[in-house]
Amino acid sequence: DQLVPVVKSFRRKVAEERYNVRHDESYSVEDLHFANELAKEMEYLLRKMRPLGRVLQHVIDEPQISSGVTIYLKDVHDNYESLEEDLRDLVLETKQLEAEFADIQAARRDRTMYSLTIMASIFLPSQMLTSLWGMNFDGMGELH
């Protein structure tokens, strides 16, 4: 039960990072390092929790333990497995933020290139005509 607030805190941080990736225009690669650090911390916690699950399973399987305690320990083990699964899902979500960030950056870059293409297609033909009409042909006798 003491790990529940920790997982909730990680869930809040991952949701905050996801919101920032999607909505904060100034979000950068340096900001993405925080999400990577979150993933590393959650993976570390998962590694440290793994022996607890083994111990619980070993105690549950022990025939000398009374049935009342075994039922309680099975409930604790179920909660442990639920928290472990939640942490794994959060690690996966955090790692997917990098791909989402790259997709959002590509979309922004595409919009910028589209704008530049539109501007160029508007101004290049007029610039060419202006340069042709602005030429000084006085020195060419064939045109008079």
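Structure: see above.
Scoring rules and cut-offs
- Residues numbered from 1 in each chain as written.
- Predicted model: local features only at pLDDT ≥ 70, side-chain atom pairs only at ≥ 80, totals over all residues.
- Heavy atoms only, no water.
- Helix = DSSP H or I, 4+ residues; strand = E, 2+ residues; numbered from the N terminus.
- Rg over C-alpha atoms; globule rule 2.2 N^0.38 Å.
- Core = buried A, V, L, I, M, F, W, Y, C linked by side-chain atoms within 4.5 Å.
- Buried < 20%, exposed > 50% of the residue type's maximum accessible area, 1.4 Å probe, protein only.
- Contact = heavy atoms within 4.5 Å.
- Axes fitted to C-alpha atoms, helices over the stretch in contact; angles between N-to-C directions.
- Parallel < 35°, antiparallel > 145°, perpendicular 65-115°, else oblique.
- Nonpolar A, V, L, I, M, F, W, Y, C, P; charged D, E, K, R; others polar.
- Salt bridge = Lys/Arg side-chain N within 4 Å of Asp/Glu carboxyl O.
- Expected span 1.5 Å × (residues − 1).
- Bend = angle between axes of the 7 residues up to and from the residue.

### What about the overall build of the chain?
Right, so step 1: Scanning the chain for helices and strands turns up 3 helices and 0 strands.
Right, so step 2: If you list the helices and strands of the chain from N to C, you get α-α-α.
Right, so step 3: In terms of overall size, the chain is more extended than a compact globule, its C-alpha atoms giving a radius of gyration of 31 Å where 144 residues would be expected to give roughly 15 Å.
Right, so step 4: Expressed along its principal axes, the backbone C-alpha trace of the chain runs to roughly 115 × 20 × 20 Å.

### Here we look at the nonpolar core
Right, so step 1: If you look at the biggest cluster of nonpolar residues, it comprises 16 residues, and the most contacted ones within it are F10, M42, M49, L87 and L90.
Right, so step 2: Of all elements in the fold, only α1 (4-23), α2 (29-61) and α3 (67-133) reach the threshold of two or more residues within this core.
Right, so step 3: Residue contributions to this core peak at 7 residues, all from α2.
Right, so step 4: Discounting chain neighbours no more than four positions away, the residues touching L87 are V7, F10, M42, L45, L46 and M49.

### Details of the side chain of H77
Right, so step 1: Tracing the backbone through its elements, the reader meets H77 in helix α3.
Right, so step 2: Setting aside chain neighbours within four positions, we find H77 in contact with G53, L56, Q57 and I60.

### Focus on the packing of α1 against α3
Geometrically, a packed helix pair is captured by the angle between its two axes and the distance between the axes.
Right, so step 1: Interaxial distance between α1 and α3 falls to 9 Å at its minimum, and their mutual angle equals 10°. Judged on the interaxial angle alone, α3 and α1 are roughly parallel. In this structure, α1 contributes V4, V7, F10, R11, V14, E17, R18, V21 and R22 to the contact, and α3 contributes L83, D86, L87, L90, E93, T94, L97, E100, F101, I104 and R108.
Right, so step 2: Across the contact of α1 with α3, the residue classes break down as 11 nonpolar, 1 polar and 8 charged.

### Here we look at the pattern of salt bridges
Right, so step 1: Applying the stated rule across the entire model yields 7 salt bridges.
Right, so step 2: Of the charged contacts in the structure, one is a salt bridge between K40 and E37, with a shortest N-O distance of 3.8 Å. Here K40 and its partner E37 are both found in helix α2, 3 residues apart, which amounts to about one turn of the helix.
Right, so step 3: In this structure, the salt-bridge partner of E84 is R88, at a minimum N-O distance of 3.2 Å. Here R88 and E84 lie together in helix α3, a separation of 4 residues that amounts to about one turn.
Right, so step 4: Taking the relative accessible area as the measure of exposure, E84 reaches 11% and is therefore buried.
Right, so step 5: R88 sits in the partly exposed class, given a relative accessible area of 43%.

### Side note on α2
Right, so step 1: Here α2 spans 48 Å end to end across 33 residues, near enough to the 48 Å set by a 1.5 Å rise per residue.
Right, so step 2: Where α2 bends most, at M49, the angle is about 30°, and the proline P51 comes one to four residues later.
Right, so step 3: All of the buried residues in α2 are L32, A35, L38, A39, M42, L45, L46, M49, G53, L56 and I60.
Right, so step 4: Its buried side turned inward, α2 meets α1 and α3.

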